[in-house]
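Residues per chain, in single letters:
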Amino acid sequence: MLLAHKIELQPNEAQKEYLNKACGTVRHCYNQLLEYFSQKENQFSLKAAYDFYKNTIREQFEWYQEISFHISANAIQDLHNAFSQFFRRVKKKEKPGFPKFKAKDVKESFSIRTPQKFGVFGNWLRIEKLKSYIRMRELIRFSGQLKQVTISKKAGRYFASFLIETDDYVTEYPNRQASVGVDLGIKTLATLSNGEVYQNERLLQKNLRKLKKLQRHFARKKNRDSNRRARAKLQIQKLYFRIAKQRAAIAHQLSNYLTKTFDRIVLEDLNVKGMMKNRKLSRAIADVGFGMLRRFIEYKAKLRNCVVVIADRFFPSSKTCSKCGAKKDNLTLADRIFSCDCGLVIDRDVNAAINLNNYSSYSRDKNQRDFKRT
């Protein structure tokens, strides 16, 4: 199987200069190609793009020679992918989204897709045309054949993402439990049907005061080309980056626990895009990271041979009694305790998680947004 491992790099000043130059060269090459093939008389094809790159771009800009040919040439494949996605959307009559020019300091990265042009020796990374090796913060955790590496820059830090063909991954966990329902929320990140609760750390909310201060400081820098403005912008990027990494760490922790502990995981099909339209809750919803958590659970479930079940979006997990199956239509968001005429008194989120765990025993009437036990 192909697995990726992302490692932070610790380059010196000379290596940073090379990495920045490589990112800039790829961005420049992509923009030159896009400008040329945006003209009506120039029809895009891989052969035409390669000829224009080799005979025009590399000849016109001599500083391309300072960077490995295999780095800058990848802009051709990147543009090919962008045009392919554009024509796919046009064919499906979706919003086309014509390829856009790349901006400086936005998603800066470059890839080396030829294994012979880079190498890893312990915690050192070799790149073609870079005289010294770059130190990595850790060793690659998988053994196998390296297929490609992508170097990215974010918030002033550099990362290498390795794609590895490997077989040394644990897929069987013999002591796993049968099933679990997971109720996601804003007050608590996740409530499990076995009663476990994972609190929402509200990472963005905790840093709002500091973020506002940095943004005010940045707004005062009127000269767009000044070093002070660049430093103020970097401080904001670093804060956002730290919050994002902390949020991802929590999602990784929870997804690891679920996929290692249970054979079957039942999740809600949340309409996050629709929920974000609520202006009073949009920031809190974005701070949780529902989409990222679901994505982590789904890809780890495939690796670890467990099943992820996505409950129907209209399944009334919160309004249904987990004991008798009666539906309580008058339940509001303010009601945190679910009480039923059958005598059940239980936390609202735990009740929803139990219903999700028992989701297979429900069926939906296609003509009505209602569920019934089978």
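So, how was this worked out
Residues numbered from 1 in each chain as written. Predicted model: local features only at pLDDT ≥ 70, side-chain atom pairs only at ≥ 80, totals over all residues. Heavy atoms only, no water. Helix = DSSP H or I, 4+ residues; strand = E, 2+ residues; numbered from the N terminus. Contact = heavy atoms within 4.5 Å. Pairing = 2+ DSSP bridges. Axes fitted to C-alpha atoms, helices over the stretch in contact; angles between N-to-C directions. Patch = residues over 30% accessible without salt bridge, like charges linked within 9 Å, V, L, I, M, F, W, Y side chains within 5 Å. Areas by Shrake-Rupley, 256 points an atom, 1.4 Å probe, with all protein chains shown as cover. Salt bridge = Lys/Arg side-chain N within 4 Å of Asp/Glu carboxyl O. Lys, Arg positive; Asp, Glu negative; His and termini not counted. Charge placed at Lys NZ, Arg CZ, Asp CG, Glu CD.

Student: Which parts of the structure should I look at to understand the environment of leucine 258?
Tutor: Along the chain, the position of leucine 258 falls in helix H7 (residues 227–261). Put simply, leucine 258 and phenylalanine 159 are 99 residues apart on the chain and 28 Å apart in space, counted from C-alpha to C-alpha. In this structure leucine 258 touches Val180, Val182, Leu192, Ile265 and Ile297, once residues within four positions along its chain are discounted.

Student: Explain the sheet that holds strand E8 (residues 177–184) here, please?
Tutor: What links the strands of a sheet is backbone hydrogen bonding, and the strands pair in either a parallel or an antiparallel sense. Judged by pairing direction, the sheet is mixed, and its 5 strands sit side by side in the order E10-E9-E8-E11-E12 without closing on themselves. The open sheet has two edge strands with one neighbour each: strand E10 (197–199) and strand E12 (307–311). Strand-to-strand twist in this sheet, taken as the mean axis angle between neighbours without regard to direction, amounts to 20 degrees. Direction of pairing for E8 relative to strand E11 (residues 262–268): parallel, over a ladder of 4 bridges. In the strand pairing of E11, glutamine 177 is matched with phenylalanine 262. Across the sheet, H7 touches E8, strand E9 (188–192), E10 and E11, and the angle it forms with E11 is around 130 degrees.

Student: Just to check I follow, could you spell out a positive patch on the surface for this structure?
Tutor: On the surface, a cluster of positive charge is contributed by Arg209, Lys212, Lys213, Arg216, Arg220 and Arg283. Residue placement: arginine 216 occurs in helix H6 (residues 208–219).

Student: What am I meant to see in the side chain of asparagine 351 here?
Tutor: The topology assignment puts asparagine 351 in helix H11 (residues 348–357). Apart from the residues lying within four places of it in its own chain, the contact partners of asparagine 351 are Ser317, Ser318, Thr320, Cys321, Ser322, Phe338, Leu344 and Ile346.

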